[in-house]
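# Understanding the architecture of this molecule
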Amino acid sequence: MNLSDCTKADLLWIIKAMCKYDLSDLSLQRALNDLEWEKEQDRLARADQALQTASAASQRYIELLKPYEGMPLIEVPMDVLQQADAALAESRAANKQWAKLMGVKMK
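Since we're looking at a predicted model, the values are computed, not measured.

### Considerations on a nonpolar patch on the surface
Together, L44, M102, V104 and M106 make up an exposed nonpolar region whose accessible area comes to about 330 Å². Along the chain, M102 falls in helix α3 (residues 78-102).

### Observations regarding the side chain of D10
Mapped onto the elements of the fold, D10 is located in helix α1 (residues 8-20). The exposure class assigned to D10 is buried, which follows from its relative accessible area of 7%. Each residue touching D10, except ones within four places of it in the same chain, is listed here: L35 and K39.

### Focus on the pattern of salt bridges
According to the stated counting rule, one finds 4 salt bridges in the structure shown. The residue K39 makes a salt bridge to D10 at a minimum N-O spacing of 2.7 Å. In this pair, K39 sits in helix α2 (residues 25-65) while D10 sits in helix α1, placing the two residues 29 residues apart along the sequence. Put simply, R46 and D42 hold a salt bridge, and the shortest N to O gap is 3.2 Å. With R46 and D42 both in helix α2 and 4 residues apart, this pair spans about one turn of that helix.

### Notes on the side chain of S91
Summarising the element assignment, S91 is placed in helix α3. The class of S91 is buried, set by a relative accessible area of 4%. Sequence-distant contacts of S91, defined by excluding residues within four places in its chain, comprise A54, A57 and S58.

### Section: the packing of α1 against α2
Geometrically, a packed helix pair is captured by the angle between its two axes and the distance between the axes. Running from N to C, α1 and α2 cross one another at 125°; their axes reach a closest spacing of 9 Å. What the angle tells us is that α1 and α2 run oblique. Once α1 is placed against α2, the crossing between them reads as right-handed. On α2, the residues touching D10, W13, I14, A17 and M18 of α1 are S27, L28, A31, L32, D34, L35, E38 and K39.

### Things to note about α1
In this model, α1 (13 residues) spans 19 Å end to end at C-alpha, consistent with the 18 Å of a helix rising 1.5 Å per residue. Within the span of α1, buried status applies to D10, I14, A17 and M18. Each buried residue of α1 lies within a common arc of 100° when the element is viewed along its axis, so the set occupies one face. Opposite its buried face, α1 presents the exposed residues K8, A9, K16 and C19, each directed more than 90 degrees away. Summarising the contacts, the buried residues of α1 are in contact with α2.

Here is what the cut-offs are and how they apply
Residues numbered from 1 in each chain as written. Predicted model: local features only at pLDDT ≥ 70, side-chain atom pairs only at ≥ 80, totals over all residues. Heavy atoms only, no water. Patch = residues over 30% accessible without salt bridge, like charges linked within 9 Å, V, L, I, M, F, W, Y side chains within 5 Å. Areas by Shrake-Rupley, 256 points an atom, 1.4 Å probe, with all protein chains shown as cover. Salt bridge = Lys/Arg side-chain N within 4 Å of Asp/Glu carboxyl O. Helix = DSSP H or I, 4+ residues; strand = E, 2+ residues; numbered from the N terminus. Buried < 20%, exposed > 50% of the residue type's maximum accessible area, 1.4 Å probe, protein only. Contact = heavy atoms within 4.5 Å. Axes fitted to C-alpha atoms, helices over the stretch in contact; angles between N-to-C directions. Parallel < 35°, antiparallel > 145°, perpendicular 65-115°, else oblique. Left-handed = near helix turned anticlockwise from the far one by under 90°. Expected span 1.5 Å × (residues − 1). Arc of directions from axis to C-beta.

Below you can see the structure in the form of structure tokens.
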């Protein structure tokens, strides 16, 4: 990571971090490494949150349709199907967000 790769917020963060050190080139590199680590931790936290959202939505989908297991689809109430569809859509969106954050290519 270089200073030219940084946003304004990143640069402010670096300046604050450098004040902790002695403002040398080594301090700059240390601050850049610290910033990179902070961003990585933030990305991983967002990915973890997306994964938890996907899991909860999938569980909701399962619980909604569990009472109707083995029944013909026509016998499942429309509102239950709509809720299950919404839960499945939420799970898929969260999985897509997780994949994007983690750099995983999905079909």
